[in-house]
Every structure is written in structure tokens, then in C-alpha cells.
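The primary structure of each chain is shown beneath.
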Amino acid sequence: MTMTLPQILILAILAGAMALFLWGRLRHDMVALAALMACVLAGIVPAADAFAGFGHPAVITVACVLVLSQGLQNTGAVDWLARTLLPRRAGRLSSMTALIGLAAALSGFMNNVGALALLMPVAVRLAGRLDLTQGQMLMPLAFGTILGGMTTLVGTPPNLIVSGFRAESGAGAFGMFDFAPVGVAVALAGIGFIVFAGWRLVPARQATGAEGFDTGTYLTEVRVPEKSKAVGLTLRRFEREIESSGAQIIALVRNEVKMIAPHGGRLIRAGDILVLEADVDALAEALATFGIALEEQVKAPARSASAEGEPKKAGGEKAGGGQAGAEPDAELDAGTANPDPRGDRNGSERDEDIVLRELVVLPGATIVGQSATDLRLRTRYGLNLLAVSREGHTPHSRLRTLRLRSGDLLLMQGPAEVMADFVNDTGCVPLGERELRLPDTRMAIIAGAIMLGAIAIVTTDLLPAAVAFALGVLASMLFRTVPPRQVYTAIDWPVIVLLAALIPVADAMQTTGAADVLARFLVDTVAQGNPVAALAVVLVTTMFLSDVMNNAATAAVLCPIALGIAASLNVDPDSFLMAVAIGASCAFLTPIGHQNNTLILGPGGFRFGDYWRLGLPLEFIVVAVSLPLLLIVWPL
């Protein structure tokens, strides 16, 4: 077989890129960009087309789905689903089935890395309740999210890449649920194996690194509004409903009278203030479950509204904690008119980055011995002190009058830039960043509606996927489910660069004829001209490569070869493209094949060789289920 110089060059460049992927010392996006530049310098890819991949529909869609996924995370929409759908007191089988099933379902419609990150804390808590190690819950969860991603067009980047190659071949792009007939069957088979037997194959190791860190419990105040589900419940019943989260009631404030350790039979009334001791996750669960609100929390829209109007006069603080109703709003409104330079920023700009931060009070901090009222946190900074964590004993003062001590942990809410000013002014130190979310039902509904609307547009073929999800991103920014400043940080830019750089390289394989050369070799030498054997070769080869190199890169490299094989055998290419999509989504043997595998490496205490114990039988199941289904659903 005689090869031309361009064919030799493109195959040499690809071989070098794959070697660098396997070597693992360079980031995948760097390797992809190096391969693209090599193709340009070799004259294989025209310089004018070198960056055409950044405008490819698959790349645009991946970026937009990442942003929409961030909106679901920000607003607590997924947290609500987890609380609603996951059983609280079920056994191992039911709990694991519900958790992994939810993870797979979420991964079909949002970024599967985001789905895993959201459910990891739930998995860790479940592991403790079910007497399992963290790894025995995290690996099944990670594999479940990978399986779920193969069920829809937007579930994983390889599906979008495969759809893009089909569109470029002239057959049109795949639809939103064209991947479902085979993908759902494979996902169900894989999840069934995991929950009934596979989880037992996961090594029981102790975590070598924590996904977050333990800051202990916070003391905070929550107000019970009139429409809260907590109204009419006894304190004992309230605590029983949230006992799984570890939260407990320390005191009750009613009519400005604080009752320490109130009797469990006392009924909760509208307007009561409950003093809770809980960690951040437990606090979020209690707020969402009963529809209660943090006493010291003020919504960002009120901040901008007051900034635009005339400032109100701050009300006076009552002894013992002050009025808990309108006064905080008045104090905040006064703060917006404060001549401090921090208050001169544009109101809408400040609202974009309302964040939660954990700050530790150092011994030399200027706020030691002062309370939130003394510091005028709202009027001077526009910040809210939501909770305090203190070692040694439980404080008996109201939160706003509690005098701070060195070593206290403060849960603060406010604009990111102002938070940084506060840290610099006071000498506090922010703890390492972690995800802190408090539920917002209204915003969660909006974020879910935006995602569902984009999916509906794609499903009904009203607009292409890239346009539909781009409209979703615009709506997310307008409704602030994703603040405009956060849009670009929500995008995984190394993945975007990887895809955009490899698409012109993959196109060069077709234009030079190198893909046809490889296809003929695989058909004639390995498959011996048998279409079914060739389909199996494509599936297994893709699965192997996705275990040792990025799954999106694997799809981009294998799609031209799959199209070439189908052309040489004179069969329908759809089954071969679907085989690439399935194979690229099934990276279960190593921690480097998929981001989700890497994400659980430390929290699960895993070693490199631990993944194949569950991953290898799972990949056999994937091949056994998908191969016959491909022949039935997408006949040759």
C-alpha cells in the first residue's frame, strides 16, 4: 500500500500526539494545540482554517451546556432533586440504586462532571450511613454518571463530536435522543450490574485526600415565615425531620425573648427565630425542606433596589439583638448610601458576584471583641454575617450581638470584591474555597426551565443544538441564574481548546485520505472484510483508547476512521459512528480516561490499578449489550 507524503505526515503527527497523551506530562489541550500547529506548519491544515474548530457547533454546544449546568448548580436545583428523590432511611440496594440512577439521569442533560461534583457530598454521607467506605460509593457514582452521559446528544462531548462528523458527511446531525435506544439500554445494564454486584469489587480503601475540609458546625439563626412547612410542628418533630443531617436546635427566639434548650413539645409559630447548630450542607437541607430563611440573609435584589432609590434612615438596634423584621433592610438601605468608596460601585455590578465565604478570625484581627453590630457590617461593607462556628462552647448571645473571638469561623455573604476588602481591612483569612450553596427555589425553577426549554427546542428541531443552548446561556445571564462574570469561569477551557484544536486535525485525516488508509487496513487485516467484526473492532478500539487518552480526543480521531470503514464496506456509517460514541464514553479502566475517574481518586483513596476491578467486567457488559443493539437499532 503506497502512502502519500501528507498521509505519512498526518499519521506521524497523530502518533506523536497519542504518545504525548499517554505520557501524561503535558495537559491534553497543550498536546492538541501542538498537533494542530504541526499540521499547519506541515501544510496539511491551511492557516486560514486552523482555528475554525472554535466555531464548530460541537464546541459551541459543549461550552453552552457547561454554563447551563453551572446554573443548575448555583441555584440548588440538583440539590432539591437529590433531597426529593433519594430515600433517607433505605438500605444499601435502594439507596445505591436511587443515587446512581439520579446521577445517570442528570448526566444525560447536564455536564456529567458537574453532576458528579454535586452528588459527591451525598454519596459520602450515604457511605457513612450504609457502613461503606467513601470509595465504595464514589466509584459506582462516577461510573453511573459516565454511563448516563451516553444517553443523549448533550450528555457528553463525544456524542456532540460524533453528531458533528455525521452532519459534515452530508447525512445530517443526530437528534437529541437518537443515542437513547442503545445508550439507555447500556446504562441500565451497567447500573444494574453495579448496584447488585459490581460495588463489591471496589477496594475498601480509606480516603487519602478530602474533597473539602471539616470546619465543624456553625451557629446560625433562621426565621420561620408564615407559609413555612415548619409552622405547627413541634421542635421535637422538626429535629427528627433533619436528624440525618446532624443539625439541632440550640435555642428559640420569640417576641425578642430567647429560650435556651426549649422543650421539644413546644410548637413552632410563624415569626419564630430558631437558633441552629449545623454544618453548611445540613443548614442548606433544613432551609430547603421547611421553606425557612436565614435571619441575617438579605437578597441581592433588595440591595440594588435600595441603591437606586433614596436611602432610608437606619433604625436603632434594640438591646439583646434588635428587631428582626424590617430593621435589617433599613440598615442595609442606609449602607448603600454610605460614602465609603466601596459603595460607589454600580449596583448591578455588585449583585453579579454575591458569594458565600468562610473566614477565620486570627488572633491579631481588628474585629476581635466586636460584634456584627459594632462593626456595622451592613452599613459599612454591605456584608451579612450568616453564621459563626466556635470551638469550646455554644455562644448564648444573638448572632448580631455576639462578640467575635480569635479562632471563630465566620460564614459571610456579600459581593466578592467587597468580601476581599473586608478581609484586607480586618486581618481575617479566607479558608480554602469550596462549594457553598444555599437554596433559592425561585432561581432553581428558572434554571431548570431554561435547561428544559433548550432541550425542547433541540428535540423538536426548531433550532440547531448550538443555537438553542446559546439562547439558554443568554437567558441564564439575563435571569442571573449564572452571573455574567461567572459565565466564562463556568466553561472548562482546556476541554474547549482540546476539541477546537483536534477538529481541524481530524478533518485533515479525511482530506489527505489517511482515514481511508487506516480503514482499509482494519477491514482487510483485522476484520477480514466482515462488517460485524469491523463494528466490534471499532467499538473495542475506541474503548481502549478512551481509557488511556481523553475521550473527546478519542472520538475526534476515530470518527474519520469509522466513516472510512463504513465506506470501504459499503454499509451505513451510523452504526459505526454510534460505536465510536459508546466506546468513547466507556472509560472505566484508569483514573485518566475520564475527568470523573480523576475526581474520585483522592476522596476514594484509590490507586491507579483499582479501577479495572469494577471497570473491566463493566466494559465487557457494555460490549455484550451494545453490539447486538447497534445491529438492530442501526442496521448495517
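Chains are numbered independently. Their residues run from 1 in the order of the written sequence. Two thresholds apply to this predicted model, a pLDDT of at least 70 for residue-level local features and 80 or more for giving and counting side-chain atom pairs, whereas whole-chain, interface and lining totals are computed over all residues. The basis for every side-chain value is the complete set of heavy atoms in the structure, and neither hydrogens nor water enter the calculation.

Some remarks on the overall build of the protein chain
1) Next: Secondary structure elements are taken from DSSP: a helix is a run of H or I of four residues or more, a strand is a run of E of two residues or more, and numbering for both begins at the N terminus. Counting its regular elements, the protein chain contains 27 helices and nine strands.
2) Next: Throughout this description, buried means an accessible area under 20% of the type-specific maximum (1.4 Å probe, protein chains only), exposed means over 50%, and partly exposed covers the range between. Residues classed as buried in the protein chain amount to 54% of the 636 residues present.
3) Next: The contact definition used throughout considers only heavy atoms, calling two residues in contact when any of these lie within 4.5 Å. Long-range contacts, defined as pairs at least 24 residues apart, comprise 79% of the intrachain contacts of the protein chain with a sequence gap of at least 6.
4) Next: Areas reported here follow the Shrake-Rupley algorithm with a probe of radius 1.4 Å; residue values treat only the protein chains shown as occluding. Summed over all atoms, the accessible surface of the protein chain reaches about 25900 Å², with 60% contributed by carbon and sulfur.

Things to note about the pattern of salt bridges
1) Next: By salt bridge we mean one thing: a side-chain nitrogen of Lys or Arg within 4 Å of a carboxyl oxygen of Asp or Glu. Taken as a whole and judged by the stated rule, the model has four salt bridges.
2) Next: Ionic pairing is found between Asp574 and Arg166, a salt bridge with its closest N-O pair at 2.8 Å. Of this pair, Asp574 sits in helix α25 (residues 574–585) while Arg166 sits in helix α8 (residues 157–168), and the two are 408 residues apart along the sequence.
3) Next: With a closest N to O distance of 2.6 Å, Arg403 and Asp374 form a salt bridge. With a gap of 29 residues between them, Arg403 in the loop between β7 (384–389) and β8 (409–415) and Asp374 in helix α15 (residues 372–375) connect regions that are remote in the sequence.

Description of the packing of helix α22 (residues 514–526) against helix α24 (residues 551–569)
Any two packed helices are characterised by how steeply their axes cross, that is the angle between the axes, and by the distance between the axes.
1) Next: Every angle, taken between N-to-C directions, lies between 0 and 180 degrees, and every axis is a line fitted to C-alpha atoms, over only the stretch in contact when it is a helix. One way to put it is that α22 packs onto α24 with a least axis distance of 8 Å and a crossing angle of 60°. Here α22 is positioned oblique relative to α24, judged by the angle of their axes. For the element pair α22 and α24, the recorded crossing hand is right-handed. For the pair formed by α22 and α24, the contact residues are Ala515, Asp516, Leu518, Ala519, Leu522 and Val523 on the first element and Pro560, Ile561, Gly564, Ile565, Ser568 and Leu569 on the second. Orientation labels follow simple angle bins: below 35 degrees gives roughly parallel, above 145 gives roughly antiparallel, 65 to 115 gives roughly perpendicular, and whatever is left gives oblique. Here is the rule for handedness: rotate from the far helix to the near one, and if that takes an anticlockwise turn smaller than a right angle the crossing is left-handed, while a clockwise turn gives right-handed.

Thoughts on the nonpolar core
1) Next: One finds Phe469 and Phe576 to be the most contacted residues of the largest nonpolar core, which totals 148 residues.
2) Next: Of all the elements, α24 adds the most residues to this core, at 13 residues.
3) Next: When residues no more than four places from it in sequence are discounted, the contact partners of Phe469 are Thr61, Cys64, Val65, Leu68, Val154, Met451, Ala454, Ile455 and Val458. As used here, the term nonpolar core means buried Ala, Val, Leu, Ile, Met, Phe, Trp, Tyr and Cys residues forming a set that is joined through side-chain atoms within 4.5 Å.

Focus on the side chain of Ser371
1) Next: As for its position among the elements, Ser371 is in the loop between β6 (354–360) and α15.
2) Next: Exposure remark for Ser371: the relative accessible area of 3% places this residue in the buried category.
3) Next: Contact partners of Ser371, with chain neighbours within four places excluded, come to Arg400, Thr401, Leu402 and Arg403.

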